[in-house]
Amino acid sequence: MAPLFDSHAHISDRRFDGCRDEVVFRIREKLAGFMEIGADMRSSFEAAACARKYDECWAAVGVHPADVDQLSDEALSELRRLAAMPKVRAIGEIGLDYHYDDGLPEELQQLWFRRQLDLALELGMPVCVHSRDADEDTMRILKESGCFSKERARRFAALPDGGPDARVLMHCFSGSAELAAQYVKLGASISLAGPVTFKNAKKAVKVAEQTPLCRLLIETDCPYMAPEPHRGETNEPSYVEFVARKIAEIKGISFEEAAQATFENAVRFYGIDHPALRGRCDGRV
Ligand code: NI
């Protein structure tokens, strides 16, 4: 079976209380691994604990723009401590979300996006970015923070397409194919989730078509946005298979190829020494 990797999940979410063991059972049956992503201080702590508990789990710690009012100098120190824990591989999810009128003030979101980016840059860690209805500010702040600087790219080997590797992942990408191309040029990778499988998913399908395979990751962002044919249900990491199937269909490749490529992209992005790749040195990873 081709290895599958969910590059963005939230199984610490309260919605999985009472069924988490079954969800993990299905992960073990179907996936080579998954990233458990923090979205606030509690879930960041739980993500680090999840990575310690499960062999197939790695973690990211960070605070989502909807919850940055939890942040302070002390909380940032706590994130720094969590980032040093075993199998914690990235800072995220962090970013900007201007979708809701009653969301936190833009200035506050920007302040803590910058400060968490500074932390990732200081630690030389990958960044998992959430951006919703905030295309321009997200791009500007990522540039201004130095995420796409030559100095940052020098930390990492060039990508298989020869481009720089900024270790910036635009998670659950909802922008245009043109914006995706700009990010790819700057050294970022693009992650697609359930929406690419939806019947009206013109934009995401175009992004998948045009983004080089070596820059594409797949995710569930569970428990939200379950892919077809599970749309509307509680999403879970094992459903990442359906995102891989859709990528295969769009790219005109086999499911195995899509799964293998997105798996390799994810373990490379997060710097995971995965048992399934150990001993391989054909330069593809
Ligand atoms: Ni998420």
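Scroll up a little and you will see the structure.
This is a predicted model, so every value here is computed, not measured. (Residues numbered from 1 in each chain as written. Predicted model: local features only at pLDDT ≥ 70, side-chain atom pairs only at ≥ 80, totals over all residues. Heavy atoms only, no water.)

Let's shift gears to the packing of aromatic side chains. Tallied over the full model, the rule gives six aromatic pairs. Ring plane angle 35 degrees and centroid distance 6.2 Å describe the contact between Phe5 and Trp58, whose orientation is recorded as tilted. Taken together, the positions of Phe5 in strand β1 (residues 5–9) and Trp58 in strand β3 (residues 57–61) put the pair 53 residues apart, joining distant regions of the chain. Looking at Trp58, the relative accessible area reads 7%, which means it is buried. Ring-pair connections join several aromatic residues into one group, and the members of that group are Phe5, Trp58 and Phe263. One cation-aromatic arrangement involves Arg231 over Phe198; the distance from NZ or CZ to the ring centre is 3.6 Å. Here the guanidinium or amino end of Arg245 rests over the ring plane of Phe255, the centre of that ring lying 3.9 Å away. (Phe/Tyr/Trp six-rings, centres within 6.5 Å; stacked < 30°, edge-to-face > 60°. Helix = DSSP H or I, 4+ residues; strand = E, 2+ residues; numbered from the N terminus. Buried < 20%, exposed > 50% of the residue type's maximum accessible area, 1.4 Å probe, protein only. Lys NZ or Arg CZ within 6 Å of the ring centre and 35° of its normal.)

Take the side chain of Asp221 next. Within the secondary structure layout, Asp221 lies in the loop between β8 (216–218) and α9 (240–251). It turns out Asp221 is buried and unbridged, and the closest side chain with the opposite charge, Arg132, is 8.9 Å from it. A distance of 3.0 Å separates the side chain of Asp221 from the side chain of His10, its partner in a polar contact. Apart from residues no more than four positions distant in its own chain, Asp221 is found in contact with His8, His10, Glu93 and His171. (Lys, Arg positive; Asp, Glu negative; His and termini not counted. Salt bridge = Lys/Arg side-chain N within 4 Å of Asp/Glu carboxyl O. Polar contact = N/O pair within 3.5 Å; in protein donor to acceptor, adjacent residues only side chain to side chain. Contact = heavy atoms within 4.5 Å.)

Backbone phi values are negative for most residues with the exception of glycine, while trans is the configuration of most peptide bonds. A cis geometry characterises the amide bond from Gly92 onward to Glu93, with omega recorded as 5 degrees. Cis geometry marks the peptide bond from Cys222 to Pro223, where omega comes out at 15 degrees. Considering the arrangement of structural elements, one finds Pro223 in the loop between β8 and α9. The phi angle at Arg167 is positive, at roughly 50 degrees, despite the residue not being glycine. Secondary-structure assignment places Arg167 in the loop between α6 (150–154) and β6 (168–170). For Cys172, which is not glycine, the phi dihedral falls at a positive 45 degrees. Checked against the element boundaries, Cys172 lands in the loop between β6 and α7 (177–186). Note on Cys172: relative accessible area 16%, which makes it buried.

Moving on: the coordination of the nickel ion. Summarising the metal site, the nickel ion is bound by the protein donors His8 (NE2), His10 (NE2), Glu93 (OE) and Asp221 (OD), whose distances to it range over 2.1 to 2.2 Å. Given four donor atoms and angles of 88 to 175 degrees at the metal, the environment of the nickel ion is assigned as irregular. (Donors = N, O, S within 2.8 Å, 3.2 Å for Na, K, Ca; no water. Tetrahedral: all angles 85-135°; square planar, octahedral: opposite > 155°, others 65-115°.)

In this structure, Ile11, Leu142, Val168, Phe173, Tyr183 and Ile190 are the most contacted members of the largest nonpolar core, which totals 74 residues. In terms of residue count, helix α4 (residues 106–123) provides more of this core than any other element does, six residues in total. Ignoring anything within four residues of it in the chain, the contact list for Tyr183 reads Asp135, Thr138, Met139, Leu142, Phe148, Met170, Phe173, Ala188 and Ile190. By size, the runner-up hydrophobic cluster in this structure holds 17 residues, among which are Phe5, Met35, Trp58 and Val267. (Core = buried A, V, L, I, M, F, W, Y, C linked by side-chain atoms within 4.5 Å.)

Looking now at the side chain of Thr197. Tracing the chain through its elements places Thr197 in the loop between β7 (189–192) and α8 (202–210). For Thr197, a relative accessible area of 10% translates into the label buried. Those residues in contact with Thr197, other than ones at most four positions away along the chain, are Pro227, Glu228, Phe242, Val243 and Lys246.

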